[in-house]
Amino acid sequence: MATQAKPVLYGYFRSSCSWRVRIAFALKGIEYEQKTINILKDGGQQLTDQFKAVNPMQQVPAVTIDGITLSQSLAIIQYIEETRPEPRLLPADPKQRAHVRIICDIIASGIQPLQNVYVIQKIGEEKVQWAQHFINRGFEALEHILKQTAGKHCVGDEISMADICLVPQVYNAERFKVDMSRFPTIRRLNQTLIEIDAFKATHPSCQPDTPDDLQA
C-alpha cells in the first residue's frame, strides 16, 4: 500500500485562521507539512498568481489533503473532523453541537474578518480603534453566550471547534490591546486552553516562519 502523503498547510505564523487549522491537526495527532505564505512580504505573497492557483480567494489558510485542496479554516476543520473523527471536535449532543457552531460563526464571521490584515490595511491610522471596536462588540456577545455554555471549555468539558476558534481570537485581541478584564469567562477559558499541548505547540511564537524577535 502506498504511503499517504502528509497534508500540506499553506499558512502564516500569525494568521489566526491558520492557527485554528494547526490546533485541529495537533488535537487529531495528524502530522503535516507547512508552506509559508507571508501575507506582509512583497505586498502579500497570498496575492501572487502562484498562490491564487491554490486558493482563488487569495487568503490563508489552504490545505492539500487526500488529493484535494481546501480553503476556509472551518471548512478545513470540518473535513478533518468528518474523515478523522477521533478525538471528536464536535459534541455528540445536537444542542451542544449547535452552541459550538454559534460560537465558531460569531468569531469566524462576526469578528475576525473585520480586523484581518486586508481590512486593517484599508483603514489606515484608525486601525487599532477599528479592531478594538469590532472585537469588543463580538466579545460582548460571546461572553454572554459562554456564561451559559461553558464548563471547563467553551461548551461543556470537552475541547471543541469553539475552543479552536476562541484562542486565536483572544491572541488577536491582546495584539490590539483589548481590555480582557471586561470578559472574565473568555479570559478564564483562554488561560486554561493555552496550557494544553496542542495549543502551545501551534502558538504563533513557535512556528517555522516566526521571526526571531517574536519567538518564545
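Reading the values: rules and limits
Residues numbered from 1 in each chain as written. Predicted model: local features only at pLDDT ≥ 70, side-chain atom pairs only at ≥ 80, totals over all residues. Heavy atoms only, no water. UniProt positions renumbered as here; feature names shortened; annotations may be inferred. Helix = DSSP H or I, 4+ residues; strand = E, 2+ residues; numbered from the N terminus. Expected span 1.5 Å × (residues − 1). Buried < 20%, exposed > 50% of the residue type's maximum accessible area, 1.4 Å probe, protein only. Contact = heavy atoms within 4.5 Å. Axes fitted to C-alpha atoms, helices over the stretch in contact; angles between N-to-C directions. Parallel < 35°, antiparallel > 145°, perpendicular 65-115°, else oblique. Left-handed = near helix turned anticlockwise from the far one by under 90°. Nonpolar A, V, L, I, M, F, W, Y, C, P; charged D, E, K, R; others polar. Pairing = 2+ DSSP bridges. Lys, Arg positive; Asp, Glu negative; His and termini not counted. Salt bridge = Lys/Arg side-chain N within 4 Å of Asp/Glu carboxyl O. Polar contact = N/O pair within 3.5 Å; in protein donor to acceptor, adjacent residues only side chain to side chain.

The name given to the protein chain in an unreviewed UniProt entry is Maleylacetoacetate isomerase, and the organism recorded there is Cyprinus carpio. Entered under Sequence similarities (unreviewed entry) in the UniProt record, the comment concerning the protein chain runs "Belongs to the GST superfamily. Zeta family." UniProt annotates the protein chain under Cofactor (unreviewed entry) with the comment "glutathione".

A. Broad picture of the UniProt feature "domain: GST N-terminal" (unreviewed entry) in the protein chain. Taking the UniProt record as the reference, the feature "domain: GST N-terminal" (unreviewed entry) is found at residues 5-88. Between the end C-alpha atoms of residues 5-88 there is a gap of 23 Å, over a span that is 33% helix and 19% strand.

B. Up close: helix H6 (residues 127-149). If you check H6, its first and last C-alpha atoms are 32 Å apart, about what 23 residues at 1.5 Å a residue would give, namely 33 Å. Within the sequence span of H6, burial applies to Ala131, Phe134, Ile135, Asn136, Gly138, Phe139, Leu142, Glu143, Ile145, Leu146 and Thr149. Looking at the buried positions of H6, the neighbouring elements they touch are helix H4 (94-111), helix H5 (117-123), helix H7 (161-175) and helix H8 (184-193).

C. How the structure looks around the packing of H6 against H7. Interhelical geometry of H6 versus H7 gives an angle of 140° and a closest axis separation of 11 Å. Looking at the two axes, H6 sits oblique to H7. Considering the relative orientation of H6 and H7, their crossing is left-handed. Contacts from Ile135, Phe139 and Leu142 of H6 reach H7 at Leu166, Gln169, Val170, Asn172 and Ala173. A per-class count over the contact of H6 with H7 returns 6 nonpolar, 2 polar and no charged.

D. Main features of the sheet that holds strand E3 (residues 62-65). Read across the sheet, 4 strands follow the order E2-E1-E3-E4 without closing on themselves; strand pairing throughout is mixed. Of all strands in the sheet, those bounded by a partner on one side alone are strand E2 (33-36) and strand E4 (68-71). Averaged over all adjacent pairs, the angle separating strand axes in this sheet is 20°, with direction ignored. Relative to E2, strand E1 (residues 8-11) runs parallel, the two being bridged by 4 bridges. If you follow Leu9 over to E2, its bridge partner there is Gln34.

E. Fine view of the side chain of Asp209. Inspection of the secondary structure puts Asp209 in the segment after helix H9 (197-200). Within the buried set, Asp209 has no salt-bridge partner at all; the shortest N-O distance to an opposite charge, 5.9 Å, is to Arg22. For Asp209, the side chain forms a polar contact with the main-chain nitrogen of Phe13, separated by 2.9 Å. Not counting residues up to four positions away in its chain, the partners in contact with Asp209 are Gly11, Tyr12, Phe13 and Thr36.

F. Focus on unusual backbone geometry. Residue Pro61 is reached from Val60 by a cis peptide bond, and omega for that bond is 5°. Look at the link from Glu86 to Pro87: it is a cis peptide, with omega at -15°. When you line up the elements, Pro87 lands in the loop between helix H3 (73-83) and H4. Residue Gln72 is not a glycine yet carries a positive backbone phi of 70°. Tracing the sequence through the fold places Gln72 in the loop between E4 and H3. Its identity as a non-glycine residue notwithstanding, Lys177 has a phi of 60°, on the positive side.

G. Seen up close, the pattern of salt bridges. For the structure shown, the criterion picks out 6 salt bridges. The shortest N-O distance in the salt bridge between Lys6 and Glu31 comes to 3.6 Å. Remark: Glu31 occurs in the loop between helix H1 (16-28) and E2 and Lys6 occurs in the segment before E1; sequence separation between them is 25 residues. The shortest N-O distance in the salt bridge between Lys200 and Glu195 comes to 3.6 Å. The class for Lys200 is partly exposed, based on a relative accessible area of 40%.

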